[in-house]
Amino acid sequence: MRSDREAPARTTGGAVSRGGVGSPWPWAVLAWVALLVAIVVSFRPAVPVIWGDTPSFVESALRTLEAGRPTVAGGRDPGYPAFLAMTFAFGGDLETVVRLQQAAWAVLMLALAATAQAATRNAGGLVPIILVATYPGLLLFRNVLTAELLFAVFLNLATAGLLIATCVGKTARCCAVAASVLCAALAACFRSQGILVPIAAVLLGACLLRPYTPARLTVVAVSVAAALALLAAGSRFGASYSGQASAVFVPKTLFCNHLNIVLASDAARHEIVSAAGDRADATMARLAADFAAEPDRWPVLGFFGDACLFDTVLDRDLADDTGNAVGAAAAYRRIFLAAVRDRPLAYAGKFVRQMAYGASVAWPPYGLDPAIPVSTDDVPHVSDLMTRHGRAAQPIDLQGRPVRIGLLSDLPGISAYLFRALSTAFVIAVVFWTVTAVRRRRSRFLTRGGIVIVMWAASIVTVAGAHTLDVWRYLIPAVPMVGLMLSLFGVELARLIRLLCQRPYRSRNSRGAGPHVVRTLFRAT
């Protein structure tokens, strides 16, 4: 990890550079102006957009407000319903929620830019952040009433905090690590996808704070205790379920999205027959039909798992004699574990394939429609929920007009190629980081790039192991981290090229020129 003693700053072309490629201050000012213009131009009217998950979030929020504790419906995580409930409690409405999400997005963009500036000391490091600020896949979620935007905000603030910790002194470093751990815990409250992120933040933060002192250990202990309290009270662990769908959601997701392994495992099939009893034949036929439904919908997973997930008859077939949701959840969990124990290599192969796919589309071409589509079927549902809980909202107030996403969504052909190129650049950056790590082990680029890679992997590994990354919106929250990695990679590559060009001229006939070039390219300090 980063040493407390760094190379002295040196002036490069009118700018201060710490062992890197410096930038004249006019370029830095121009980059910041471009970012601010992108942020301002990207703002849209605060029109609430209703999507498929919105009714469950709104119902969970209203139940949370009435019960005084996190209560979820439809399998949702409690963080976003708690945010909605607090907004309603202070007199806000759905339009207020959108305005708060827009403000959170703007704060995230500024924080990412400040992090890139501090970590690279180069105006070029802001270019990927400007692309993030204009990315349609993230912009559309500012208006959509789902948890993706706020999950992305806290996830990337956690990463930014760890990167800032590598750039500041000892006292500020402790504060940055503590803030990162708390943001990571909040991210896990908004989406179970981020459940491994607090663990990664704690481990990385502990490495950054070495050598340990009583004060540093106290900061880590306090931040970890606060994070555990947040997870216990505000995550899925501390939520009460208000319906059968919530009680069975997690084990049924594991069961349904590994249905190919379940059906191929004799042990799992035996568990299904044992749980279904007299309904065993009908249950196996239903599972086969769900597995064969829409085979091209999720090509990476290999089948459409939601056909099984939303098959409520399965809950009745696999429940125990009491017929309640707890019995069905236990059956799903038992069958899934039996399948994994019976065919561990098949499960591992699926996981590796998902992670590789996630890296290859790390910047997915998502949200390239000119306007945010509105689910008209769910608008009356949300209106009815609000009315039944004493918060009248007319369907016309929720419908609004289609909300334009942004400039890049108006150029879908060009944008798709751009995002594919950025995803390819991310894969190259990871390979470059790996090769550099093998050659040299004490470099600020290695430390900072390693932080981003670990946090990115922690944010998607849960989906890769439990669901599918065919659903691109699960990759969207990690896109800002990809932008940070490209900032670090671009500046580091430019620095190495510059070091190579500054080497004294050597005769073409001198021996060892080839190895000398290789050594220069991978010199890390």
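Note: the structure precedes this text.
Residues numbered from 1 in each chain as written. Predicted model: local features only at pLDDT ≥ 70, side-chain atom pairs only at ≥ 80, totals over all residues. Heavy atoms only, no water.

A. Local environment of the overall build of the chain. Summing up its helical and strand segments, the chain has 24 helices and 6 strands in all. For the chain, the proportion of its 525 residues judged to be buried stands at 53%. In the chain, of all internal contacts separated by at least 6 residues, the share reaching a separation of at least 24 is 78%. Carbon and sulfur atoms provide 64% of the accessible area of the chain, an area that totals close to 22800 Å². (Helix = DSSP H or I, 4+ residues; strand = E, 2+ residues; numbered from the N terminus. Buried < 20%, exposed > 50% of the residue type's maximum accessible area, 1.4 Å probe, protein only. Contact = heavy atoms within 4.5 Å. Areas by Shrake-Rupley, 256 points an atom, 1.4 Å probe, with all protein chains shown as cover.)

B. Region of interest: the state of the cysteines. Evaluated as defined, the whole model comprises 1 disulfide. Here Cys256 connects covalently by a disulfide to Cys308, the sulfurs 2.1 Å from one another. Measuring handedness by torsion sign, the sulfur bridge of Cys256 and Cys308 sits at about -60 degrees and is left-handed. Here Cys308 lies in helix α15 (residues 306–309) and Cys256 lies in helix α11 (residues 244–256), a separation of 52 residues in the sequence. A single burial state applies to Cys256 and to Cys308, both of which are buried. (Disulfide = S-S within 2.5 Å.)

C. The arrangement of unusual backbone geometry in detail. In this chain, Arg210 is followed by Pro211 through a cis amide linkage whose omega measures -5 degrees. Here Pro211 shows up in the loop between α9 (197–208) and α10 (214–234). Unlike most non-glycine residues, Glu294 shows phi in positive territory, near 45 degrees. Counting through the fold element by element, Glu294 comes out in the loop between α14 (280–292) and α15. Under the relative-accessibility criterion, Glu294 is labelled partly exposed at 42%.

D. The pattern of salt bridges, seen in detail. Overall, the coordinates contain 14 salt bridges when judged by the stated rule. Measuring nitrogen to oxygen at the nearest pair gives 2.9 Å for the salt bridge that ties Arg191 to Glu148. Taken as a pair, Arg191 in the loop between α8 (170–190) and α9 and Glu148 in helix α7 (residues 148–165) lie far apart in primary sequence, 43 residues in all. The two residues Arg191 and Glu148 agree in class, both being buried. Linking Lys252 and Asp315 is a salt bridge whose minimum nitrogen-to-oxygen distance equals 3.0 Å. Here Asp315 lies in helix α16 (residues 313–318) and Lys252 lies in helix α11, a separation of 63 residues in the sequence. (Salt bridge = Lys/Arg side-chain N within 4 Å of Asp/Glu carboxyl O.)

E. Summary view of the packing of aromatic side chains. Throughout the structure, instances matching the rule amount to 16 aromatic pairs. Judged by centre distance (6.4 Å) and plane angle (5 degrees), the ring pair of Trp363 and Phe419 falls under stacked. Here Trp363 is found in the loop between α18 (344–360) and β5 (371–372), whereas its partner Phe419 is found in helix α21 (residues 412–439), with 56 residues between them in sequence. With respect to burial, Trp363 and Phe419 carry one shared label: buried. Pairwise contacts between aromatic rings join Trp51, Phe141 and Tyr366 into one cluster. Its end group placed over the ring of Phe57, Arg76 keeps NZ or CZ at 5.9 Å from the ring centre. Against the face of Phe43 rests Arg142, its NZ or CZ located 5.8 Å from the ring centre. (Phe/Tyr/Trp six-rings, centres within 6.5 Å; stacked < 30°, edge-to-face > 60°. Lys NZ or Arg CZ within 6 Å of the ring centre and 35° of its normal.)

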